[in-house]
Protein chains: 2
Amino acid sequence: MPYHLIRKLGRYAGLSTVDEEMLRQLARASGWVGPRSDLLREGAAPRDVCVILEGWACAYKQLEDGRRQIIAYLMPGDVCSMAAVFPDVINYTTGTLTSVRMAQMSGRALLTTMDRSPRILRAFWLDMLAASAIQREWTASLGFLTARERIAHLLCEIMTRLRAVGLADAEGCFLPLTQEDLGETVGISTVHVNRTLQDLRASGLITLKRQQLAIPDFAALQEVARFDGAYLRPAPTARDADHPASLRSILDPVLGSAVCP
Amino acid sequence: MPYHLIRKLGRYAGLSTVDEEMLRQLARASGWVGPRSDLLREGAAPRDVCVILEGWACAYKQLEDGRRQIIAYLMPGDVCSMAAVFPDVINYTTGTLTSVRMAQMSGRALLTTMDRSPRILRAFWLDMLAASAIQREWTASLGFLTARERIAHLLCEIMTRLRAVGLADAEGCFLPLTQEDLGETVGISTVHVNRTLQDLRASGLITLKRQQLAIPDFAALQEVARFDGAYLRPAPTARDADHPASLRSILDPVLGSAVCP
DNA sequence: CGTCAGCTTGACCGCGCTCAAGGCCAGTGG
DNA sequence: CCACTGGCCTTGAGCGCGGTCAAGCTGACG
């Protein structure tokens, strides 16, 4: 069922067809959630791991005075609440942007599966690492890039991530974000997002109309954005591990004694 | 040897004296590294886990045109390169701010120790979670706080973290950062950092002279900063775990079937 | 006593914000 | 089929937060 997830994980760790089948059987699709509704409130302790099947969601923080900051995007194939397996401090809210269809996996069952297949464990691990690399990248982007660079950077990231799950082709992708969403992501006002997009359009770097994004020359946009997509393709360095018994058997594939394909 | 680390970890998971002794024997203090020198370049694959014993370091990203963004602070008791145990994508540089004395632990030995003491594993895990919560907090801070709020927020965070390792008392702490460092952290220019600090001083919120920070009324600063320190004290919710065999035995303490003291 | 790093201050500028009005759909109901 | 509505995008005008440039100050150190 979680097609996009399987596709993405496969890129990390090369899943076998058995692995893929295990994942498919693990996930049970649930219904649609409407746009702009909260999935997971701050402080929740999720029991299941959720995977986005269709639609976009995000994690965000909000102040009493209304200011809002989007912390992360959750797109098809992304895992919402790894906290159900590797407990996490959830001091942010997760909400949908568009309508969203999700799949649920019991944390326990996923754990069993990871235990059976080192490749699956490794792939999930690398996906978590990619997520935290994205977080660092956002920190940097907000810190030292200009508005124009930030928007460009975000679009590069989104394109790269969507490509990894087969939702973008060479030309472009579907982008269901409002300019307000973009503003709350890169820390600028809606009006200025608009002007910045105009600017990028005028420079021939992007086309964006009716939620359809096109990037005629990705390399050019990448340069404007100072974007280097390496952080989205994590692959631990080869390592001649010689680790102790039980943790070894668990983490070895994660530690990547074999180079990933 | 890693006194501050042990103190911090103890707050997470309640280490036994045996645990503490294991950690002490694991870490071997190494010499001093001068201020403003790089410890770990982008792309490195560290073999040892480093712990800061004294001094401050940071992780940062830098562009060719000189712009620099500090991604994280590493203070006494902080772990630099967990990548040696849980492999990570290192797409940033780690460098010292002041002179720094570190301790090294072989990744392998630490793994063995974690394997022997679930409390140690759990404590390290929670420390990693706290680090990623800080990262999210920085993203939000850079995104929607004003310069004044960001500086205040950063000072609150630093005070709280230093208190956890016994390096700050009720009044204040040592703060070895230049105004340039602060600027590169909260994304504003050095000149404006200066003016913002003046402003905070004028409001009676802080005193900062000769690297000595004092916060007469923490609650007041906290309010200005919109700071809520909960994210720095991670404690997974209690959970009636019933997990599969081997992963269970490893991750159970992490999963926190027992409430932490 | 000179030097140098870091702090401070002033003047000016510009990126990005706010407020406000208008335009463009897509969906809805008459 | 068309008027109406509401969400989103667009554009203009004016302002202010924070940037830049430049000079002077302060204190630690040799």
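Residues numbered from 1 in each chain as written. Chains lettered and ligands numbered in written order. Predicted model: local features only at pLDDT ≥ 70, side-chain atom pairs only at ≥ 80, totals over all residues. Heavy atoms only, no water.

(A) A look at the packing of helix 5 (residues 147-164) of chain A against helix 8 (residues 218-225) of chain A. Residue and element names in this part refer to chain A. Viewed as axis vectors pointing N to C, helix 5 and helix 8 meet at an angle of 135 degrees, and their least axial separation amounts to 8 Å. It follows that helix 5 is oblique to helix 8 by the angle criterion. Note that helix 5 runs across helix 8; the crossing there is left-handed. Contact residues: helix 5 offers Arg-148, Glu-149, Ala-152, His-153, Leu-155, Cys-156, Met-159, Thr-160 and Arg-163, while helix 8 offers Phe-218, Leu-221, Gln-222, Val-224 and Ala-225. A breakdown of the residues in the contact of helix 5 with helix 8 according to their chemical character gives eight nonpolar, three polar and three charged. (Axes fitted to C-alpha atoms, helices over the stretch in contact; angles between N-to-C directions. Helix = DSSP H or I, 4+ residues; strand = E, 2+ residues; numbered from the N terminus. Parallel < 35°, antiparallel > 145°, perpendicular 65-115°, else oblique. Left-handed = near helix turned anticlockwise from the far one by under 90°. Contact = heavy atoms within 4.5 Å. Nonpolar A, V, L, I, M, F, W, Y, C, P; charged D, E, K, R; others polar.)

(B) A look at the protein's contact with DNA strand C. Every one of the 16 residues lining DNA strand C counts as a neighbour, but A:Ser189, B:Gln179, B:Asn194, B:Arg195 and B:Gln198 are closest to it. Near-protein atoms of DNA strand C (within 4 Å) split between backbone and bases, with sugar and phosphate holding 63%. The contact in question runs from a phosphate oxygen of DNA strand C to an N or O atom on the backbone of A:Ala147, over 3.2 Å. B:Gln198 is positioned such that a nitrogen or oxygen atom in its side chain is 2.8 Å from a phosphate oxygen of DNA strand C. Counting only elements with at least two residues in the surface near DNA strand C, the list comes to helix 7 (190-202) of chain A together with helix 7 (190-202) of chain B. Per-element accounting of the surface near DNA strand C gives the leading share, five residues, to helix 7 of chain B. Grouping the constituent residues of the surface near DNA strand C by class yields four nonpolar, eight polar and four charged. (Near = heavy atom within 4 Å. Polar contact = N/O pair within 3.5 Å; in protein donor to acceptor, adjacent residues only side chain to side chain.)

(C) Highlighting the domain arrangement of chain A. Residue and element names in this part refer to chain A. Along its sequence, chain A is carved into domain 1 (1-144) and domain 2 (147-237). Taking only C-alpha atoms into account, the centre of domain 1 sits 21 Å from that of domain 2. Between domain 1 and domain 2, a total of about 2500 Å² is buried, with carbon and sulfur atoms accounting for 61% of that surface. The largest per-residue losses of area from domain 1 upon contact with domain 2 belong to Trp-56, Tyr-73 and Glu-137, which jointly make up 23% of the total buried on that side. Between domain 1 and domain 2 we count three salt bridges in total. (Domains from an automatic or database assignment. Buried area = accessible area lost by both parts, 1.4 Å probe. Salt bridge = Lys/Arg side-chain N within 4 Å of Asp/Glu carboxyl O.)

(D) The sheet that holds strand 3 (residues 48-54) of chain A, seen in detail. Residues and elements named next belong to chain A. Taken together, the three strands give an open sheet; going across it, the order is 1-7-3, and neighbouring strands pair in antiparallel fashion. Edge positions in the sheet fall to strand 1 (28-33) and strand 3, since each of these pairs with one other strand and no more. Across the sheet, the axes of successive neighbouring strands diverge by a mean angle of 30 degrees, strand direction being ignored. Against the sheet, helix 3 (residues 107-116) engages strand 3 and strand 7 (100-106), with an angle of about 65 degrees to strand 7. (Pairing = 2+ DSSP bridges.)

(E) Main features of the sheet that holds strand 8 (residues 172-174) of chain B. All names here are of chain B. The three strands lie next to each other as 8-10-9, forming an open sheet whose pairing is antiparallel. Two strands in the sheet have a free side with no partner beyond their single neighbour: strand 8 and strand 9 (207-209). With direction set aside, neighbouring strand axes in the sheet form an average angle of 10 degrees. Here strand 9 runs beside strand 10 (residues 212-214); their pairing, made up of three bridges, is antiparallel. Considered in strand 10, the bridge of Thr-207 is made with Ala-214.

(F) Broad picture of the nonpolar core. Counting 58 residues, the largest nonpolar core has A:Phe124 and B:Phe124 as its most contacted members. Apart from the residues lying within four places of it in its own chain, the contact partners of B:Phe124 are B:Leu5, B:Leu9, B:Leu23, B:Val79, B:Met82, B:Met105, B:Leu110 and B:Met114. Within the second largest apolar cluster, 43 residues are counted, among which are B:Ala147, B:Cys156, B:Met159 and B:Leu208. (Core = buried A, V, L, I, M, F, W, Y, C linked by side-chain atoms within 4.5 Å. Buried < 20%, exposed > 50% of the residue type's maximum accessible area, 1.4 Å probe, protein only.)

(G) The pattern of salt bridges, seen in detail. A complete count under the given rule lists 32 salt bridges over all chains for this structure. The salt bridge partner of A:Asp65 is A:Arg67, with a shortest N-O separation of 3.0 Å. With its nearest N and O atoms 2.6 Å apart, the salt bridge here joins B:Glu54 to B:Arg101. Taken together, the residues span a long stretch of sequence, with B:Glu54 in strand 3 (residues 48-54) and B:Arg101 in strand 7 (residues 100-106) at a distance of 47 residues. A single salt-bridge network, built from bridges that share partners, covers A:Lys8, A:Asp78, A:Asp127, A:Glu157 and A:Arg161.

(H) Up close: the UniProt feature "domain: HTH crp-type" (unreviewed entry) in chain A. As recorded in UniProt, the feature "domain: HTH crp-type" (unreviewed entry) lies at residues 145-219 of chain A. The span residues 145-219 of chain A carries 55% helix and 12% strand; its end-to-end C-alpha distance comes to 18 Å. (UniProt positions renumbered as here; feature names shortened; annotations may be inferred.)

(I) Summary view of the protein's contact with DNA strand D. If you check the shell around DNA strand D, you find 16 residues, and the closest are A:Gln179, A:Asn194, A:Arg195, A:Gln198 and B:Arg210. Atoms of DNA strand D within 4 Å of the protein belong to the sugar or the phosphate in 62% of instances, the rest to bases. The side chain of A:Arg201 places a nitrogen or oxygen atom 3.4 Å from a phosphate oxygen of DNA strand D. Among the elements of the structure, helix 7 of chain A together with helix 7 of chain B are those that each provide at least two residues to the surface near DNA strand D. Of the residues belonging to the surface near DNA strand D, the class tally is four nonpolar, eight polar and four charged.

(J) Spatial organisation of the pairing of strand 4 (residues 57-62) of chain B. All names here are of chain B. Counting buried residues along strand 4, five of its six residues qualify, which places the element largely inside the surrounding structure. As defined by bridge partners, strand 4 adjoins strand 5 (residues 68-74) across six bridges and the pair is classed as antiparallel. Across the sheet, residue Gln-62 finds its bridge partner in strand 5, namely Arg-68. Adjacent in sequence and paired antiparallel, strand 4 and strand 5 are bridged by five residues, among which Gly-66 carries a positive phi angle near 100 degrees. Bridge count between strand 4 and strand 6 (residues 93-96): four bridges; the pairing is antiparallel. Across the sheet, the residue bridging to Ala-59 is Thr-94, located in strand 6.

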